[in-house]
Amino acid sequence: MQAISSFSDSDWAGNPDDRRSTSRYCVFFGPNPISWSSKMQPTIARSSTEDEYRSLAHTAAESKVLCLHYVSTDALVADVFTRGLSAARFEFLRDKLKVQSLQFAGG
């Protein structure tokens, strides 16, 4: 039986110009990503807790999941959509999303 798993994150006041945060999530059905998003929040959050709650609420609405679990930052696949990552970290998260790099023959 396949399970739905959801991951979310946000960067509180991540935009230095207007202090708005970016929320992102990724929803999996088994090992396969079925939905993902990364978008700027429409209003400014007053705290990191409020910011994370908004992101979590959007994720829950998208995935329709009632049971959500904490996931360590090390396993947060949603980071691949908006954060600057090292090549190794990017490839690790890309592999978790089951996305492969295309190899072209010739030049």
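Not measured: the values here are computed from a predicted model.

S.K.: Which residues make up the overall build of the chain, and what are the values?
M.R.: If you tally the helices and strands in the chain, you get two helices and three strands. Each helix and strand of the chain, placed in order from N terminus to C terminus, yields the pattern β-β-β-α-α. Across the 107 residues in the chain, those meeting the buried criterion constitute 31%. A separation threshold of at least 6 residues defines the contact pool for the chain, and within that pool the share at least 24 residues apart is 46%. Surface accessibility of the chain: about 7300 Å² in total, with carbon and sulfur atoms responsible for 57%.

S.K.: Can you tell me about the environment of P31, naming the residues and giving the values?
M.R.: Within the secondary structure, P31 is located in the loop between β2 (22-29) and β3 (32-40). Apart from residues no more than four positions distant in its own chain, P31 is found in contact with Q2, K96 and K98.

S.K.: Could you give an account of the nonpolar core, naming the residues involved and the relevant values?
M.R.: F7, C26, F28, L76, V77, V80, L93 and L97 form the largest nonpolar core, which has eight residues in total. Contacts of F28, omitting those with residues within four sequence positions, involve A3, I4, S5, F7, P33, I34, V77, K96 and L97.

S.K.: A description of the side chain of S55 should follow, citing residues and the corresponding values.
M.R.: Within the fold, S55 resides in helix α1 (residues 48-63). Excluding residues that lie within four positions of it along the chain, S55 makes contacts with S8, D9, S10, S23, R24 and Q41.

S.K.: Describe unusual backbone geometry, naming the residues involved and giving the relevant values.
M.R.: Trans is the common state for peptide bonds, and a negative phi is the common state for residues other than glycine. Within the chain, A13 stands out as a residue other than glycine whose phi angle is a positive 55 degrees. Mapping A13 onto the fold places it in the loop between β1 (4-11) and β2. We note that R19 has phi near 65 degrees; this positive angle belongs to a residue other than glycine.

S.K.: How would you explain the packing of aromatic side chains if you had to name every residue and give the values?
M.R.: Aromatic ring pairs are described here by two measures, namely the spacing of the ring centres and the angle between the planes. Within the structure shown, the criterion is met by one aromatic pair. Measuring from centroid to centroid gives 5.8 Å for F7 and F28, while their planes differ by 85 degrees, and the two rings are edge-to-face. Residue F7 is found in strand β1, and its partner F28 is found in strand β2; the two are separated by 21 residues along the sequence. Residue classification places F7 among the buried residues on the basis of a relative accessible area of 18%. Its relative accessible area of 5% is what places F28 among the buried residues.

S.K.: Please provide a residue-by-residue account of α1, values included.
M.R.: Along its 16 residues, α1 runs 22 Å from first to last C-alpha, staying within 8% of the 22 Å computed at 1.5 Å per residue. For α1, the set of buried residues is E50, D51, S55, T59 and S63. Residues of α1 that are buried make contact with β1 and β2.

Rules of the game
- Residues numbered from 1 in each chain as written.
- Predicted model: local features only at pLDDT ≥ 70, side-chain atom pairs only at ≥ 80, totals over all residues.
- Heavy atoms only, no water.
- Helix = DSSP H or I, 4+ residues; strand = E, 2+ residues; numbered from the N terminus.
- Buried < 20%, exposed > 50% of the residue type's maximum accessible area, 1.4 Å probe, protein only.
- Contact = heavy atoms within 4.5 Å.
- Areas by Shrake-Rupley, 256 points an atom, 1.4 Å probe, with all protein chains shown as cover.
- Core = buried A, V, L, I, M, F, W, Y, C linked by side-chain atoms within 4.5 Å.
- Phe/Tyr/Trp six-rings, centres within 6.5 Å; stacked < 30°, edge-to-face > 60°.
- Expected span 1.5 Å × (residues − 1).

These results come straight from atomic positions and should not be treated as a statement about function.
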